[in-house]
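In case you want the letters, here they are:
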Amino acid sequence: MLFVVTYVVFVILSSRHGCSAADVPNFAAHFGSKTRYEDSVAHRRLLAELNAGPRLHTDPGSLLRTPSGERCSPMHLTAVVRHGSRYPTVKNIRAIRQLSNLLRRVDGQQQTQEAQMGERGEGSAAWNRDLLRRWDMWYTDDMDGQLVAKGREDLQQLATRLSTLFPSLLGEDSVRGGRIHVVTSSKHRCVRSAEAFQEALHVRANITPVQYRHQVDDGLLRAYDGCPGYVESVEKNRTALAEVDKFKRGPEMEALRKKVADKLGLPLQDFTPDLLEVAYFLCSYELAIKSLHSPWCFLFEPSDAKVLEYKCDLKLFWKRAHGYAINLLASCPLFHHIFRTLDKAGRPRRETDTPPDPASILIGHAETLLPLLGLLGLYKDETPPTADNYHTQDGRHFRSSLLVPYAANMVLVLLDCARGPRLQLLVNEEPVRFPGLPHEDAPLYRDVRVAYRHLLDGCDYHKACSSTAGGRGPNTEL
Ligand SMILES: *[C@@H]1O[C@H](CO)[C@@H](O)[C@H](O)[C@H]1NC(C)=O
């Protein structure tokens, strides 16, 4: 508890000085899906502390919330985990290069002008501009979205924490017996994440050499790619993301674009909304990859960061979450897979039967996690975020910085309890209740099945993905 209090006081004090612990920008928890896990978790805990009094887990054991007096032991866990911190994708790297070149070119012209007029820019703005002009564009195209060293650590640390929490499931016996089932998306950053996760479990169990065993399954973890209904009606459909485009050109983004263009000394017409985002992403990448509080960050204040975070939320909401029913239905295979696994793990057995796998680890993307959380009915606000309601969305639940930072995870723990199997949900290592069962942290598994009956009996991927009319409208029935 002392640690917690100290930490909160520290955050509050340090945010006043514009930086915290290891010199981190004070808006580090607002980078959307480019937020570091530790910044996301620290921010969520701070919010919980401020809103609801102490609810923090100084003791990992307190994560499991079984009814008092009922004896329970964990019998299986399924975890859906996003890959760790990564390099920008090649599309972003090209945009970064464009911004860097633009700055050099414009700055060169200005210096000539200033030299002719016999004056030189003064003050912190000029100083910062100078830093950015000399900023070394070190990203190369071949880095294309690959996992970075910090990203390996993200997964290793998560695996270590989970195995401390669930030694009977992720401990030595399970690792030695090869009984932890790992499935990953085919993307390099996910495969590397799957390795890092397994490596940490081996290290903890003192087992060498590490034997990586994982199966690649895009049909499960990137099912959206194989869903023509989704690809045509949302992913490739500009109209479907109209709110995002509108916000990008709306008053909040325009004011910010002008402010940052001024700071950079760039002509407004050259500094597009996309380049504004690139400057912000650069601040996040330099932090996540190099632990640097980069000069790019000094272009922004916390209120600016919230505008850019909202843009990220808008995009993910309409493209990957509750915005359209098809976004969620494209993840039905994963939903069904998880419940089949839980069914199998919870089934009564004779002594002689082989026990079920103690753990199933599924490694994918933010695009894997968001629709799944959506199917479960989580983080759905009454009013959807739009281009026009930024100012009333401050208390929204759908916040990508808190939901899908690097190494984001959703863990379902099946518990063997006196009254039957129970299921507890953790999102980023925080207990979360199922929307249909709001009174219990760890409801009976059979009650969870009843609450999701409509999906267990429906959630028809093939129907949703092949039809050209169904599931298109705003999401109402899920
Ligand atoms: C594109 O999205 C809009 C808005 O949701 C929708 O009305 C339209 O039917 C979609 N187009 C296609 C080809 O699905």
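Note that the structure is predicted; figures quoted are calculated from it, not measured. Position numbers for residues count from 1 along each chain, tracking the sequence in the order it is written. At least 70 in pLDDT is required for a residue's local features to be given in this predicted model, at least 80 for side-chain atom pairs to be given and counted, and no such filter applies to totals for whole chains, interfaces and linings, which use all residues. Hydrogens and waters are ignored; side-chain quantities use all the structure's heavy atoms.

Visitor: Help me out: how do you make sense of the pattern of salt bridges in this one?
Guide: Opposite charge on two side chains lets them pair, provided their charged atoms get close. We count a salt bridge whenever a side-chain nitrogen from Lys or Arg sits within 4 Å of a carboxyl oxygen from Asp or Glu. For the structure on display, the rule yields 31 salt bridges. Arg-238 is the salt-bridge partner of Asp-245, the closest N and O atoms lying 2.7 Å from each other. Judged by relative accessible area, which is 56%, Arg-238 ranks as exposed. Asp-457 is the salt-bridge partner of Arg-453, the closest N and O atoms lying 4.0 Å from each other. When a residue's accessible area, from a 1.4 Å probe over protein chains only, is under 20% of the maximum for its type it is buried; when over 50% it is exposed; and in between it is partly exposed. With a relative accessible area of 39%, Arg-453 lands in the partly exposed category. Overlapping salt bridges bring together Arg-36, Glu-38, Asp-39, Lys-150 and Asp-154 as one network.

Visitor: Would you explain the nonpolar core in this entry?
Guide: A general feature of soluble globular proteins is that nonpolar side chains tend to end up buried together. The set of buried Ala, Val, Leu, Ile, Met, Phe, Trp, Tyr and Cys residues whose side-chain atoms join them within 4.5 Å is what this entry labels a nonpolar core. By size, the foremost hydrophobic cluster in this structure holds 114 residues, and its most contacted members are Leu-99, Tyr-139, Phe-271, Trp-296, Phe-300, Phe-335 and Met-410. Runs of E in the DSSP output that reach at least two residues are strands. Runs of H or I that reach at least four are helices, and both are numbered from the N terminus. Of the residues forming this core, the biggest block, 12 residues, is contributed by helix α13 (residues 273-290). Whether two residues are in contact is decided by their heavy atoms, any of which lying within 4.5 Å being enough. Among residues more than four places away in sequence, those in contact with Trp-296 are Leu-99, Leu-103, Leu-132, Trp-135, Ala-279, Leu-282 and Cys-283. Core analysis: the second largest hydrophobic core is formed by 35 residues, Ala-79, Phe-166, Val-175 and Ala-359 among them.

Visitor: Please explain the confidence of the model for the protein as it appears in this structure.
Guide: Scored by pLDDT, the protein comes out at a mean of 89, with 87% of its residues at no less than 70. Note: pLDDT gives the predictor's confidence per residue, expressed from 0 to 100. Scored below 50 in pLDDT, residues 1-20 shows 18 contacts in the model against residues more than four places distant or in partner chains. Overall, residues 53-60 carries pLDDT values under 50, and its contacts beyond four positions in sequence, including any with other chains, amount to 19 contacts.

Visitor: It is not clear to me how the packing of aromatic side chains should be interpreted in this structure. Could you clarify?
Guide: To describe a pair of aromatic rings, you give the distance between the ring centres and the angle between the ring planes. Classification of ring pairs rests on two measures: the distance between centres of Phe, Tyr or Trp rings, Trp counted by its six-membered ring, which must be within 6.5 Å, and the angle between planes, read as stacked under 30 degrees, edge-to-face over 60 and tilted in between. One pass over the structure, following the stated rule, counts 21 aromatic pairs. Considering the side-chain rings of Phe-335 and Phe-339, the 4.8 Å spacing of their centres and the 35° angle between planes classify their relative orientation as tilted. With Phe-335 and Phe-339 both in helix α16 (residues 332-346) and 4 residues apart, the pair spans about one turn of that helix. Classification of Phe-335 as buried rests on a relative accessible area of 1%. Taking the centre distance of 6.4 Å and the plane angle of 15° together, the rings of Phe-339 and Tyr-445 count as stacked. Residue Phe-339 is found in helix α16, and its partner Tyr-445 is found in helix α19 (residues 445-451); the two are separated by 106 residues along the sequence. One aromatic cluster in this structure is built from Tyr-87, Trp-135, Trp-138, Tyr-139, Phe-281, Tyr-285 and Trp-296. Across from the ring centre of Phe-281, 4.1 Å away, lies the NZ or CZ of Lys-34, which sits over that ring. In this scheme, the term charge over a ring applies when either NZ of a lysine or CZ of an arginine sits within 6 Å of the ring centre and within 35 degrees of the ring normal.

Visitor: Any chance you could explain the state of the cysteines here in plain terms?
Guide: What makes a disulfide is a covalent bond joining the sulfur atoms belonging to two cysteines. The term disulfide is used for any two cysteine sulfur atoms that are within 2.5 Å. Counting across every chain of the model gives 4 disulfides. Paired by a disulfide, Cys-72 and Cys-417 hold their sulfur atoms 2.1 Å apart. Torsion about the S-S bond of the Cys-72 and Cys-417 cystine: about 115°, corresponding to right-handed handedness. Taken together, the positions of Cys-72 in strand β3 (residues 72-82) and Cys-417 in strand β7 (residues 409-417) put the pair 345 residues apart, joining distant regions of the chain. Under the relative-accessibility criterion, Cys-417 is labelled buried at 7%. The disulfide partner of Cys-332 is Cys-459, and the gap between their sulfur atoms is 2.1 Å. Taking the sign of the S-S torsion, -90° for the link of Cys-332 and Cys-459, the bridge is left-handed.

Visitor: When you look at the site of the ligand in this model, what are you seeing that I'm missing?
Guide: Neighbouring residues are identified by heavy atoms, a residue being near a molecule or strand if any of them is within 4 Å of it. In the vicinity of the ligand, the residues found are Ser-233, Asn-237, Thr-239, Ala-240 and Tyr-324. By the criterion applied in these results, polar contacts are pairs of N or O atoms within 3.5 Å in which, for protein atoms, one can donate a hydrogen and the other can accept it, and in which residues neighboring in sequence qualify only through two side-chain atoms. Between the ligand and Asn-237, the relevant distance is 2.3 Å, taken from an oxygen atom to a side-chain nitrogen or oxygen of the residue. Residue burial considers only the protein chains on display, and all accessible areas are found by Shrake-Rupley using a 1.4 Å probe. If the ligand stood free it would expose 370 Å²; the protein chains cover 47% of that surface. A per-class count over the shell around the ligand returns 2 nonpolar, 3 polar and no charged. Residues are grouped as follows: nonpolar covers Ala, Val, Leu, Ile, Met, Phe, Trp, Tyr, Cys and Pro; charged covers Asp, Glu, Lys and Arg; every other residue, Gly included, is treated as polar.

Visitor: It is not clear to me how empty space enclosed by the protein should be interpreted in this structure. Could you clarify?
Guide: Rolled over the atoms, a probe as big as a water molecule pinpoints where empty space is left. Using a 1 Å grid laid over the protein atoms alone, points where a 1.4 Å probe fits but cannot get out form a cavity; open sets with protein on both sides within 12 Å along at least 5 of 7 lines form a pocket; any residue with an atom within 4 Å of a point counts as lining. Grid points are joined across faces, edges and corners, and a volume is the space filled by probe spheres set on the points. Using the criterion set out here, one finds 3 cavities of 30 Å³ or more in the structure. Reported here for the largest cavity is a volume of approximately 50 Å³. Lining the largest cavity we find Lys-306, Glu-309, Tyr-310, Tyr-390, Gln-393, Asp-394, Arg-396 and Arg-399.

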